[in-house]
Amino acid sequence: NKERKATVLHIYKFLHDGGTERYIHTLISRMNQDRFSFRICCLMERGSEAEAFENDGFPVYNLNFRPGLSPAVLPGNLIQLIRLVMLIRRIGVDVIHTHDNQPAAYARIAAWLSGVPIVYVTLHCDYTWLSPAQHRINCYFARLTTRFFAVSAWVRDISSFREHIPQEKYNVIHNGVNFPSPAKQELDAHYREQWNLDPATRIVGNVGSLVHLKGQDLLIEAFATIAEDYPDACLCIIGSEREHQPGIKQSLIDLTTRYGIEDRVVFAGSRSDVLDILNIFEIYAMPSRFEGFGLALIEAICAGVPAIISDIPALIELCDNGKYALSFRSEDAQDLAAKLRYALDNRDEMKRLGKIARKYARQS
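Throughout what follows, the structure given in this document is the object of discussion. (Residues numbered from 1 in each chain as written. Predicted model: local features only at pLDDT ≥ 70, side-chain atom pairs only at ≥ 80, totals over all residues. Heavy atoms only, no water.)

## Points about the pattern of salt bridges
Here's step 1: Scanning the model with the defined rule gives 18 salt bridges in all.
Here's step 2: Salt-bridge contacts for Glu299 lead to Arg22; the nearest nitrogen and oxygen are separated by 2.7 Å. Highlighted residues: Glu299 in helix H11 (residues 295–302) and Arg22 in helix H1 (residues 19–30), separated in sequence by 277 residues.
Here's step 3: Of the residues examined, Glu299 reaches a relative accessible area of 7% and is grouped as buried. (Salt bridge = Lys/Arg side-chain N within 4 Å of Asp/Glu carboxyl O. Helix = DSSP H or I, 4+ residues; strand = E, 2+ residues; numbered from the N terminus. Buried < 20%, exposed > 50% of the residue type's maximum accessible area, 1.4 Å probe, protein only.)

## Here's the deal with the sheet that holds strand E12 (residues 307–310)
Here's step 1: Spatially, the 6 strands line up as an open sheet ordered E10-E9-E8-E11-E12-E13, and their pairing is parallel. In this open sheet, the two edge strands, each paired with only one partner strand, are strand E10 (265–269) and strand E13 (326–328). Neighbour-to-neighbour, the strand axes of the sheet open up by a mean angle of 25°, direction not taken into account.
Here's step 2: The pairing of strand E9 (residues 233–238) with E10 spans 4 bridges and is parallel. The residue of E10 that forms the bridge with Ile237 is Phe267.
Here's step 3: In the packing of helix H13 (residues 333–345) onto the sheet, the strands contacted are strand E8 (202–207), E9, strand E11 (283–286), E12 and E13, and the crossing angle to E13 comes to about 160°. (Pairing = 2+ DSSP bridges. Axes fitted to C-alpha atoms, helices over the stretch in contact; angles between N-to-C directions. Contact = heavy atoms within 4.5 Å.)

## Focus on the sheet that holds strand E7 (residues 170–172)
Here's step 1: Strands sit in the order E3-E2-E1-E4-E5-E6-E7 across an open sheet of 7 strands; the sheet is parallel. On the outer flanks of this sheet lie strand E3 (60–62) and E7, each paired with one strand and no other. When the angles between neighbouring strand axes are averaged without regard to direction, this sheet yields 20°.
Here's step 2: Alignment of strand E1 (residues 6–12) against strand E2 (residues 36–42), held across 7 bridges, turns out to be parallel. Paired with Tyr12 across the bridge in E2 is Cys42.
Here's step 3: Across the sheet, helix H3 (residues 74–91) touches E1, E2, E3 and strand E4 (95–99), and the angle it forms with E1 is around 160°.

## Remarks on a nonpolar patch on the surface
Here's step 1: There is a patch of nonpolar side chains on the surface, built from Leu69, Leu74 and Ile137 and spanning about 240 Å² of accessible area.
Here's step 2: For Ile137, the position within the fold is in helix H5 (residues 132–141).
Here's step 3: Ile137 sits in the partly exposed class, given a relative accessible area of 36%. (Patch = residues over 30% accessible without salt bridge, like charges linked within 9 Å, V, L, I, M, F, W, Y side chains within 5 Å. Areas by Shrake-Rupley, 256 points an atom, 1.4 Å probe, with all protein chains shown as cover.)

## Quick notes on the packing of aromatic side chains
By convention here, two paired aromatic rings are described through the distance between centres and the angle between planes.
Here's step 1: All told, the structure shown has 10 aromatic pairs when counted by the stated rule.
Here's step 2: Centroid distance Phe65 to Tyr106: 4.6 Å. Interplanar angle 45°. Geometry classified as tilted. Here Tyr106 lies in helix H4 (residues 101–114) and Phe65 lies in the loop between E3 and H3, a separation of 41 residues in the sequence. Tyr106 carries the same exposure label as Phe65, and that label is buried.
Here's step 3: When the ring of Tyr191 is compared with that of Trp195, the centres are 5.6 Å apart and the planes differ by 20°; the resulting orientation is stacked. For the residue pair Tyr191 and Trp195, the accessibility class agrees, reading buried in each case. (Phe/Tyr/Trp six-rings, centres within 6.5 Å; stacked < 30°, edge-to-face > 60°.)

## Quick notes on empty space enclosed by the protein
Here's step 1: Inspection of the entire model under this criterion finds 2 cavities of 30 Å³ or more.
Here's step 2: Considering only enclosed or pocket space, the largest cavity measures out at about 140 Å³ in volume.
Here's step 3: Taken together, 19 residues make up the lining of the largest cavity; nearest its centre are Leu123, Tyr127, Asn138, Ser159 and Glu163.
Here's step 4: Mapped onto the lining of the largest cavity, the elements with two or more residues apiece are H4, strand E5 (118–123), H5 and helix H6 (153–163).
Here's step 5: The dominant element in the lining of the largest cavity, judged by the number of residues it contributes, is H6, at 5 residues.
Here's step 6: Residue composition of the lining of the largest cavity, grouped by class: 10 nonpolar, 4 polar and 5 charged.
Here's step 7: Taken as a whole, the second largest cavity holds about 30 Å³ of empty space.
Here's step 8: Forming the boundary of the second largest cavity are Lys13, Leu43, Met44, Phe65, Gln102, Pro103 and Tyr106.
Here's step 9: Classifying every residue of the lining of the second largest cavity gives 5 nonpolar, 1 polar and 1 charged. (1 Å grid on protein atoms, 1.4 Å probe; cavity = no way out; pocket = protein on both sides within 12 Å on 5 of 7 lines; lining within 4 Å. Points joined across faces, edges and corners; volume = space filled by probe spheres on them. Nonpolar A, V, L, I, M, F, W, Y, C, P; charged D, E, K, R; others polar.)

## A look at the side chain of Arg289
Here's step 1: Tracing the sequence through the fold places Arg289 in the loop between E11 and H11.
Here's step 2: Here Asp217 takes part through its side chain, which lies 2.9 Å from a polar atom of the side chain of Arg289.
Here's step 3: Among the polar contacts listed, one links the side chain of Arg289 to the side chain of Glu331, at a separation of 3.0 Å.
Here's step 4: In contact with Arg289, not counting residues within four places along its chain, are His212, Leu213, Gly215, Asp217, Leu218, Ile312, Ser330 and Glu331. (Polar contact = N/O pair within 3.5 Å; in protein donor to acceptor, adjacent residues only side chain to side chain.)

## Brief notes about the environment of Gln334
Here's step 1: The topology assignment puts Gln334 in helix H13.
Here's step 2: Between the C-alpha atoms of Gln334 and Ile226, which are 108 residues apart in sequence, the distance is 9.8 Å.
Here's step 3: Contacts of Gln334, omitting those with residues within four sequence positions, involve Glu221 and Thr225.

Written out as structure tokens, the structure is:
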């Protein structure tokens, strides 16, 4: 039926300000709205960005799944699974596109029970923390999957190896980003006034959810090591914490107090204007312990901001084996401090690195 739009249901945990949510929004907003009708189902909670999705014309549904596989949560999750099946049947879903590990498991069961013919799974991370039992479950559910999309070759390779799924069932599609707008002098002044920063202050920036795997604690420790030698530098961290890791923001604030740099670190919270803010960063630091892609890194590089990254596989891959960013040993705050020191001492060289990385990212 050429007149009927295909209904695509994206299934994820929630809609907050993270990279996966930005990926979903970019994907559905850029696809042909005359051919597809997009809806989103949040399995655990609506999240802070759900209203923004709805304002853009994408209906959001919310269920109440709980994380984990313990006997305490399974009965309630079974009820939520039935609700998910009923939702899929009620809105007439043609394609299910699900994201991340636990949502993908429940989504594929619901798709099978509902008779949905096409099921896509996007893998956004390497999921190194999964148990052998969870990998076996994923291997079994591969037969219920039309296609896997991996955000990097590393994610494809590790998933294929651990879960014994042929690589032919994967497509590697790097995340797309919106290019940051050109720098505007008035915005620079605006943000500096907002955060009480001197016009000459050099800003080391980071963007990411405030969770352990993003490594902001390593960045604070590294910055504290060099702060006394660079009184004109500050650290700006953009992002919010998640319900499954409460207290992370306060622990980071406490860390700045312990090191005596609380007046040198800005916690900017969740922001919708990240692409503008990137323009005032002199250095972008990404100290992640785990990543599947690194959306915020690509946004920074596209803005021409020179980057310092941990040497985890996905980030090294994104920077063409490290050619377009400085790298430090993952989990090593002292090595990160050395790279920060080098970047702050070699401004012209870092600016050149930022320019060639920007050209590389925009042509890739």
